[in-house]
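Descriptive structure summary
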Amino acid sequence: EAEVAQSPRYKITEKSQAVAFWCDPISGHATLYWYRQILGQGPELLVQFQDESVVDDSQLPKDRFSAERLKGVDSTLKIQPAELGDSAMYLCASSLQRDLEAFFGQGTRLTVV
Amino acid sequence: AQSVTQLGSHVSVSEGALVLLRCNYSSSVPPYLFWYVQYPNQGLQLLLKYTTGATLVKGINGFEAEFKKSETSFHLTKPSAHMSDAAEYFCAVSDSGNTPLVFGKGTRLSVIA
């Protein structure tokens, strides 16, 4: 069964360091999302891609976060420098089209110390 | 802008009892509504969705939900709880599929033997 792949599953980093997460969506899915889920809360959208283009990054803290999907397939989310408040689960999701259901990866659990 | 309110951050039921998880939404256009389940340190798995048509939607694992426009609700039910149903449940809304999912804060379901 096709699934969204994310790596790493867990990441511990010191504050002020750089960290990167990788996501490989389901093959053929044009829409890709990055969500952040703080412990005890629901996921919140960080950025949405349609193919290689950013559709919505209004909630992405652009002073420290960046996201790219250069070839319209896999995607990387980067944080530099990491802050203690960035500790969260980072979820990647993809969908065939914008108006269809999103499939989620298992997430990357980030702990900033 | 859309929003979701999940009433009750924690619900506890006995094994075999009815499960009822409440979700109310706000949307300026006809909504698409979703319920996702999340097990510890895992991604989100779609339980069911409502887009158009029949207002009673059946999903996986015996769950169902009913879209009630007059009450702006989309409550999740299951007639008989199993121990394996213990997890976090998230209700989400999208404006007719044209916007990314907006999630509620989640309801943690505990099932007591």
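Structural data are supplied above this passage.
Residues numbered from 1 in each chain as written. Chains lettered and ligands numbered in written order. Predicted model: local features only at pLDDT ≥ 70, side-chain atom pairs only at ≥ 80, totals over all residues. Heavy atoms only, no water.

**Notes on the sheet that holds strand E1 (residues 5-7) of chain A**
Residues and elements named next belong to chain A.
- Across the sheet, 4 strands lie side by side as E1-E3-E8-E7; this open sheet has antiparallel pairing. Across the chains shown, the open sheet's two edge strands, defined by having one partner strand only, are E1 and strand E7 (65-68). Across the sheet, the mean angle separating the axes of adjacent strands is 15 degrees when strand polarity is ignored.
- Pairing of E1 with strand E3 (residues 19-24) involves 3 bridges; the strand directions are antiparallel. Paired with alanine 5 across the strands is aspartate 24, a residue of E3. (Pairing = 2+ DSSP bridges. Helix = DSSP H or I, 4+ residues; strand = E, 2+ residues; numbered from the N terminus. Axes fitted to C-alpha atoms, helices over the stretch in contact; angles between N-to-C directions.)

**Some remarks on the sheet that holds strand E1 (residues 3-7) of chain B**
All names here are of chain B.
- An order of E1-E3-E8-E7-E6 is seen for the 5 strands of this open sheet, with the pairing classed as antiparallel. A strand with exactly one partner marks an edge of an open sheet, and here the two such strands are E1 and strand E6 (56-58). Taken over all neighbouring pairs, the strand axes of this sheet differ in orientation by 20 degrees on average, direction set aside.

**Some points on the side chain of Ser75(A)**
- Summarising the element assignment, Ser75(A) is placed in strand E8 (residues 75-79).
- Excluding anything up to four places from it in sequence, Ser75(A) contacts Phe21(A), Trp22(A), Cys23(A), Leu32(A), Trp34(A), Phe49(A), Glu68(A) and Arg69(A). (Contact = heavy atoms within 4.5 Å.)

**Remarks on the pattern of salt bridges**
- Scanning the model with the defined rule gives 7 salt bridges over all chains in all.
- In this structure, Asp86(A) and Arg64(A) form a salt bridge, with 2.6 Å as the shortest nitrogen-oxygen distance. On the criterion of sequence distance, the pair formed by Asp86(A) in the loop between E8 and strand E9 (88-95) and Arg64(A) in the loop between strand E6 (53-56) and E7 is long-range, its members being 22 residues apart.
- Asp86(A) sits in the buried class, given a relative accessible area of 2%.
- With a relative accessible area of 12%, Arg64(A) lands in the buried category.
- With a closest N to O distance of 2.9 Å, Asp85(B) and Lys78(B) form a salt bridge.
- If you follow the salt bridges from partner to partner, you end up with Arg36(A), Arg64(A), Glu83(A) and Asp86(A) in one network. (Salt bridge = Lys/Arg side-chain N within 4 Å of Asp/Glu carboxyl O. Buried < 20%, exposed > 50% of the residue type's maximum accessible area, 1.4 Å probe, protein only.)

**What to know about the interface of chain B and chain A**
- The interface is formed by 18 residues belonging to chain B together with 22 residues belonging to chain A.
- Across the chain B/chain A interface, buried area totals approximately 1,600 Å², and carbon plus sulfur atoms make up 50% of it.
- Of the charged contacts in the structure, one is a salt bridge between Lys49(B) and Glu101(A), with a shortest N-O distance of 2.9 Å.
- Linking chain B with chain A are 6 residue pairs in polar contact (both at pLDDT 80 or more).
- Listed by contribution, the elements that provide at least two residues to the side of chain B that touches chain A are strand E4 (31-38) and strand E5 (44-50) of chain B. (Buried area = accessible area lost by both parts, 1.4 Å probe. Polar contact = N/O pair within 3.5 Å; in protein donor to acceptor, adjacent residues only side chain to side chain.)

**Structural notes on the packing of aromatic side chains**
- Evaluated as defined, the whole model comprises 12 aromatic pairs over all chains.
- Among the aromatic residues, those joined into a ring-pair cluster are Tyr33(A), Tyr35(A), Phe104(A), Phe34(B), Tyr36(B), Phe90(B) and Phe103(B). (Phe/Tyr/Trp six-rings, centres within 6.5 Å; stacked < 30°, edge-to-face > 60°.)

**Topic: unusual backbone geometry**
Residues and elements named next belong to chain A.
- Backbone torsion omega between serine 7 and proline 8 reads -10 degrees, so that peptide bond is classified as cis.
- Relative to the elements of secondary structure, proline 8 occurs in the loop between E1 and strand E2 (10-13).
- Here glutamine 80 and proline 81 are connected by a cis peptide whose omega angle stands at -5 degrees.
- Along the chain, the position of proline 81 falls in the loop between E8 and E9.
- In this model, aspartate 51 sits at a positive phi of 55 degrees, which is unusual for a non-glycine residue.
- Mapped onto the elements of the fold, aspartate 51 is located in the loop between strand E5 (44-50) and E6.

**Notes on the state of the cysteines**
- One pass over the full model with this rule turns up 2 disulfides over all chains.
- Here Cys23(A) connects covalently by a disulfide to Cys92(A), the sulfurs 1.9 Å from one another. What sets the handedness of the Cys23(A) and Cys92(A) disulfide is the S-S torsion sign, and at about -70 degrees it is left-handed. Here Cys92(A) lies in strand E9 and Cys23(A) lies in strand E3, a separation of 69 residues in the sequence.
- Note on Cys23(A): relative accessible area 0%, which makes it buried.
- Bridging Cys23(B) to Cys91(B), the disulfide has an S-S length of 2.0 Å. Handedness here is read from the sign of the S-S torsion; for Cys23(B) and Cys91(B), about -65 degrees, the answer is left-handed. (Disulfide = S-S within 2.5 Å.)

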